[in-house]
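Notes for the structure review
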Number of protein chains: 4
Amino acid sequence: MSRNKIEESLRSEKKMSIIQCAIGVFAEKGFYSAKMQDIAEAAMIGKGTIYEYFSTKEELFLAVYDYWMDDYEMAMEQAVESHLDPVSKADALIDTTVNFYEKHAEYASILLEFWAHALRSKDDHFLDRIRSMKKKLELIGKEVTQQMQKLKLFKSVDSASFSVLELGISDGIFLQWILDGKSYSLREAYKFRQSVIGSGLMMPALRLLVADKIEKKLKKGFLSSNQS
Amino acid sequence: MSRNKIEESLRSEKKMSIIQCAIGVFAEKGFYSAKMQDIAEAAMIGKGTIYEYFSTKEELFLAVYDYWMDDYEMAMEQAVESHLDPVSKADALIDTTVNFYEKHAEYASILLEFWAHALRSKDDHFLDRIRSMKKKLELIGKEVTQQMQKLKLFKSVDSASFSVLELGISDGIFLQWILDGKSYSLREAYKFRQSVIGSGLMMPALRLLVADKIEKKLKKGFLSSNQS
Amino acid sequence: MSRNKIEESLRSEKKMSIIQCAIGVFAEKGFYSAKMQDIAEAAMIGKGTIYEYFSTKEELFLAVYDYWMDDYEMAMEQAVESHLDPVSKADALIDTTVNFYEKHAEYASILLEFWAHALRSKDDHFLDRIRSMKKKLELIGKEVTQQMQKLKLFKSVDSASFSVLELGISDGIFLQWILDGKSYSLREAYKFRQSVIGSGLMMPALRLLVADKIEKKLKKGFLSSNQS
Amino acid sequence: MSRNKIEESLRSEKKMSIIQCAIGVFAEKGFYSAKMQDIAEAAMIGKGTIYEYFSTKEELFLAVYDYWMDDYEMAMEQAVESHLDPVSKADALIDTTVNFYEKHAEYASILLEFWAHALRSKDDHFLDRIRSMKKKLELIGKEVTQQMQKLKLFKSVDSASFSVLELGISDGIFLQWILDGKSYSLREAYKFRQSVIGSGLMMPALRLLVADKIEKKLKKGFLSSNQS
DNA sequence: AATGAATGAGCTTTCATTCAT
DNA sequence: TATGAATGAAAGCTCATTCAT
């Protein structure tokens, strides 16, 4: 590695370290209440040093979101690529999402605040970032849905609409779970959701096959804490 | 009305007026960027006067949320009470929700910010308020679901879980709709959701009855702008 | 006086009070080293209060200069108006200038800094203010010169150029006096200047009349401290 | 040259190079707004390197002024030495001054700022430097004046006072010229000044000799742009 | 000797809150 | 009761200076 490359890499590493510390502070205090001082202290560096890497607090906030979403996107892409049949893909996607959300549950408030920020900001930068990620996820969902249809597993459904809906549902469940104080299993909630929706879209042949399992799941719900 | 009662009522009216003005300012600028001065100007009163009614900015913010949620709760309760059969009730609930969300779309960022605030606040006041509202809505949803089951319209499903799920889905769809720049009809998205989910929970008898309509809806999706 | 008028007047008075305190602080520390805190303390008000009257530090600085120059301009105008013959007018102008400069000697550094600021500022506001004052003074000087010529006291001289020159000389003498640590009498320096220049412009008739006095003045200079 | 001498000389050269770059930056931005970074960039060296040569920003500022004044002093000394008769000397001095000022017109704001700085500084260093230069120039002026008197060209006048006056006038004209946006010829202004003052101090014999030329100059002034 | 990443004191400005009227 | 002038704590950001390399 050349001298420049090493320096570049060191710089990048330091940036990451600041971002990681910032996540914690932003999550705990929120964008406005988080002080640059706090973040500097968390990263055990001087206040001025942050500004060597991010020119404003807002830019750091955006970087935090980016860092996060890149992580999520990559995981989702990998999930879909590492399976062949659409059913496994769908399962893997849900699994990845649940893992991601469980891992970052404590940072949910950043997500909300970021969305709020984006909706209000004159600068489209924030909204664009959100939408680009949504587009990517929608595409993945759409493809899996279409494969399901091709294999006659799913009824004929507008795959784009369904994919958008799924994304909304996914965020919505996560949000409720957080607001409900994580009092039930997020994974079970997702599975319950899958039972309800899958049950609605499956072709009769498939439905009969898994009817029993679905029925049990629906009856059981996801609120009882002793999950099998 | 006694002298005191009149005064009390006047006071309450003024409070409402401040809250209503605050909603607009909070929505446009967000909690932190909204200045008490802005709110006072919007309400055409002096800055100090706000403090006669609310002791801090945070309290006013909470009052804004309360005012809003009371409105929503009341509308939902009325919706369910003004219909007898559970299918109409369900339709009315969806209608009310869509109406409410469409009406307050521009205030979505407050909602997000409020949730973020609640998640972070040491003071459980905020979370409690959110949960009390969710409990109420969950109850409503649970009852309707149980009635559906009693009438053999719905499969056997844990009504509490389903109700919680529905709430999450509802918020999730709204959120996506907002983040997607309201580029499609929120109502159609809700109907699509209903088709997917309904299709999964309906008893075979009912399903056959509405199969055609549902099938069409699923094929069409909700993203095309020329909705019938 | 109406309620509004009174308030307006109070506001104006407070503004003046802040300006007067700011003069002292700016003079002692310079624009950059003068802290708003210092000025607030000098005025015995809160730091924030200054911003009720001046929106930026720079605006306050400009106000200080304006306040000063208005004072000077008014004094000069009054000086010229309260005399009829041009010789008395010229004497009065010099007298006024000397008085003004002696009174504000300690604030000379503000003047210099203001000029430096004006020369550099992208905003022409500062330079314009300086030039408008110079224009006014040049006009006054020009008129007096022309009257001198009309009365055959002065040789034929381009009055505009002479007026500009005089202004420069005036500032220059003041500057030297300040930089020389006020080690001689500013008044005597001005008189010496008058002798040199007057001697050069006077018509022979007048010159012969005052030759003696001028000669003495020239011989004596203005550096000896025991001024008569 | 010994090893040490060479190193010393290299060091000195680098110092000069930094000073020259600093002049430009200080002139454009002023002492406070000029960043050490800017100066380092202008000199194409690292920020830290400046501190190898100057221990503080203020010291560099002083060095800039010194460098400048040394330049001016040397030019003035050379001017007076390269002529024999006092009239030529006086002309050469004016010429040198005009040249110097015209060349450094854009740096006028530094001069002003430096003076302001000097007046305020607790540290007499700055004022002393100014005064030592003034002393030198006054001495030169005094000598020339005395030679003029010896040759019976000038009336009897206190040469020290006159020299101080001249210095003030010189700076004053320069200052006006700068503040007037250099809208006329500095050289013509100096000549006009010479006509006015010379006319006042010349002995009758000399005056008659140049009366015509002076009269024309006075009538013409220096504000018309088409200078002959 | 030369560098520039790191630093943190210190700045202007903002704004929720108070309180005299 | 209503007000808005006054306040000062607080925070983002800057930049002269240091020092390890």
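Residues numbered from 1 in each chain as written. Chains lettered and ligands numbered in written order. Predicted model: local features only at pLDDT ≥ 70, side-chain atom pairs only at ≥ 80, totals over all residues. Heavy atoms only, no water.

**Notes on the relation of the copies chain B and chain A**
Taken together, a rotation about one axis and a shift along it account for how the two chain copies relate. As a reminder, the rule being used: Fitting of the copies onto one another was done by least squares over C-alpha atoms, counting residues only where both copies have pLDDT of at least 70. Note on contacts: a residue pair qualifies if any of its non-hydrogen atoms lie within 4.5 Å across the two residues.
At an RMSD of 0.3 Å, chain B and chain A line up after a rotation of 179° and a shift of 0.0 Å along the axis. Between the two chains, the operation in question is that of a two-fold axis. Most of the interface of chain B is mirrored in chain A: 100% of its interface residues are interface residues there too.

**What about the interface of chain D and chain C?**
Quick note on the threshold: The term buried area refers to how much accessible surface (probe radius 1.4 Å) is lost by two components on association, counted for both of them together. The working definition used for a salt bridge is a side-chain nitrogen of Lys or Arg within 4 Å of a carboxyl oxygen of Asp or Glu. We define a polar contact as two N or O atoms separated by no more than 3.5 Å, with the added condition that, inside protein, one atom must be a possible hydrogen donor and the other a possible acceptor, whereas residues neighbouring each other in sequence contribute only through side-chain atom pairs. Going along the chain from the N terminus, every DSSP run of H or I of four or more residues is numbered as a helix, and every run of E of two or more is numbered as a strand. Polarity classes work like this: nonpolar for Ala, Val, Leu, Ile, Met, Phe, Trp, Tyr, Cys and Pro, charged for Asp, Glu, Lys and Arg, and polar for all others, with Gly in that last group.
At the interface, 56 residues of chain D touch 56 residues of chain C. Summing the contributions of chain D and of chain C, the shared interface buries around 4700 Å²; its carbon and sulfur component is 67%. Contact with chain C buries surface across chain D, with Arg120(D), Gln176(D) and Leu179(D) losing the most and accounting together for 15% of the total. Viewed at the interface, chain C and chain D are joined by four salt bridges. A salt bridge links Arg120(D) to Glu113(C); the nearest nitrogen and oxygen atoms lie 3.4 Å apart. If you look at where chain D meets chain C, you find 25 residue pairs in polar contact (both at pLDDT 80 or more). The element that contributes the greatest number of residues to the side of chain D that touches chain C is helix 8 (residues 159-179) of chain D, accounting for 15 residues. Considering only residue class, the side of chain D that touches chain C consists of 29 nonpolar, twelve polar and 15 charged.

**Observations regarding the interface of chain B and chain A**
How big an interface is tends to be stated in terms of accessible area lost as the parts join. At the junction of the two partners, chain B supplies 56 residues and chain A supplies 56 residues. When the two sides are added together, the surface that chain B and chain A hide from each other amounts to roughly 4700 Å², 67% of it contributed by carbon and sulfur. Our count for the contact surface shared by chain B and chain A stands at four salt bridges. Between chain B and chain A we count 23 residue pairs in polar contact (both at pLDDT 80 or more) in total. Among the elements of the structure, helix 1 (3-33), helix 6 (108-120), helix 7 (125-150), helix 8 (159-179), helix 9 (186-201) and helix 10 (204-220) of chain B are those that each provide at least two residues to the side of chain B that touches chain A. In terms of residue count, helix 8 of chain B provides more of the side of chain B that touches chain A than any other element does, 15 residues in total.

**Digging into the protein's contact with DNA strand F**
Heads up, the rule is: Each residue is tested against the molecule or strand, and it is near if at least one of its non-hydrogen atoms lies within 4 Å.
Contacts to DNA strand F come from 30 residues, most closely from Lys35(A), Lys47(A), Thr49(B), Thr49(C) and Tyr53(C). Counting only the atoms of DNA strand F that lie within 4 Å of the protein, the sugar and phosphate share comes to 68%. A distance of 2.4 Å separates a phosphate oxygen of DNA strand F from a polar atom in the side chain of Thr49(B). Residue Tyr53(B) places a side-chain N or O atom 3.1 Å away from a phosphate oxygen belonging to DNA strand F. Secondary-structure elements contributing two or more residues to the surface near DNA strand F are helix 3 (47-53) of chain A, helix 3 (47-53) of chain B, helix 3 (47-53) of chain C together with helix 3 (47-53) of chain D. Broken down by class, the residue content of the surface near DNA strand F amounts to ten nonpolar, eight polar and twelve charged.

**Structural notes on the relation of the copies chain D and chain C**
With an RMSD of 0.3 Å, the operation that places chain D on chain C is a rotation of 179° combined with a shift of 0.0 Å along the axis. A share of 100% of interface residues in chain D that are also interface residues in chain C marks the association as one of identical surfaces.

**Some details on the arrangement of the chains**
Taking C-alpha atoms only, the smallest gap left between chain A and chain C, which are not in contact, amounts to 22 Å. Separated throughout, chain A and chain D approach each other most closely at a C-alpha pair spaced 14 Å apart.

**Focus on the domain arrangement of chain A**
Residue and element names in this part refer to chain A. Our working definition: Where each domain starts and ends comes from a domain assignment, either automatic or drawn from a database.
We note that the domain assignment places domain 1 (1-55) and domain 2 (61-220) within chain A. In this structure, domain 1 and domain 2 have C-alpha centres spaced 31 Å apart. Counting from both sides, the interface comprises twelve residues of domain 1 and, opposite them, ten residues of domain 2. For the pair domain 1 and domain 2, the summed buried area comes to about 1000 Å², and 79% of that belongs to carbon and sulfur atoms.

**A few points about the side chain of Ser163(B)**
Residue and element names in this part refer to chain B. Residue position: serine 163 is located in helix 8. Engagement of the side chain of serine 163 in a polar contact is seen with the backbone nitrogen of lysine 142, the distance being 3.4 Å. Filtering out sequence-adjacent residues up to four positions away, serine 163 remains in contact with Leu137, Glu138, Gly141 and Lys142.

**What about unusual backbone geometry?**
Residues and elements named next belong to chain A. Just so we agree on the cut-off: Accessible area is worked out with a 1.4 Å probe on protein chains only. A residue is then buried under 20% of its type maximum, exposed over 50%, and partly exposed in between.
A positive phi angle, near 60°, is found at lysine 152, a position not held by glycine. Take lysine 152: it is sitting in the loop between helix 7 (125-150) and helix 8 (159-179). You can call lysine 152 exposed: its relative accessible area is 59%.

**Quick look at the pattern of salt bridges**
Here the structure, examined in full by the defined rule, presents 56 salt bridges over all chains. Each of the salt bridges in this network shares a partner with another, and the network as a whole consists of Asp66(A), Asp70(A), Glu73(A), Arg129(A) and Lys136(A).

**Describing the protein's contact with DNA strand E**
Neighbouring DNA strand E are 29 residues, the closest being Thr49(A), Tyr53(A), Lys35(B), Lys35(C) and Thr49(D). The sugar-phosphate backbone supplies 67% of the atoms of DNA strand E found within 4 Å of the protein. For DNA strand E, a phosphate oxygen lies 3.0 Å from a polar atom in the side chain of Tyr51(B). Within the side chain of Lys14(D), a nitrogen or oxygen atom sits 3.2 Å from a phosphate oxygen of DNA strand E. Looking at the surface near DNA strand E, the elements with two or more residues in it are helix 3 of chain A, helix 3 of chain B, helix 3 of chain C together with helix 3 of chain D. Among the elements that line the surface near DNA strand E, the one with the most residues is helix 3 of chain D, at five residues. Looking at side-chain class alone, the surface near DNA strand E contains ten nonpolar, eight polar and eleven charged residues.

**Overview of helix 7 (residues 125-150) of chain D**
Basically, it comes down to this: In this analysis, the expected span of each helix is defined as 1.5 Å times one less than the number of residues it contains.
The end-to-end C-alpha distance of helix 7 of chain D, which contains 26 residues, comes to 37 Å, matching closely the 38 Å that a straight helix rising 1.5 Å per residue would cover. In the segment just after helix 7 of chain D, Lys152(D) is the residue with positive phi, at about 60°.

**Points about the environment of Met133(D)**
All names here are of chain D. With respect to the element layout, methionine 133 can be found in helix 7. You can call methionine 133 buried: its relative accessible area is 8%. For the pair formed by methionine 133 and methionine 69, sequence separation is 64 residues and the distance between their alpha carbons is 7.2 Å. Discounting residues that sit within four places of it in the chain, methionine 133 has contacts with Met69, Tyr72 and Glu73.

**Looking at the packing of helix 7 of chain B against helix 8 of chain B**
Residue and element names in this part refer to chain B. Note the following rule: Orientation is described by axes fitted as lines to C-alpha atoms, over the contacting stretch for helices, and by angles from 0 to 180 degrees between their N-to-C directions. When an angle is under 35 degrees it counts as roughly parallel; over 145 it counts as roughly antiparallel; between 65 and 115 it counts as roughly perpendicular; any other value is oblique. Crossing handedness is read from the near helix: turned anticlockwise from the far helix by less than a right angle, it gives a left-handed crossing, and turned clockwise, a right-handed one.
Running from N to C, helix 7 and helix 8 cross one another at 125°; their axes reach a closest spacing of 8 Å. One element, helix 7, and the other, helix 8, form an angle in the oblique class. Handedness of the crossing formed by helix 7 with helix 8: right-handed. Mapping the contact onto sequence places Lys134, Leu137, Glu138, Gly141, Lys142, Thr145, Gln146 and Gln149 in helix 7 and Ser159, Ala160, Phe162, Ser163, Val164 and Leu167 in helix 8.

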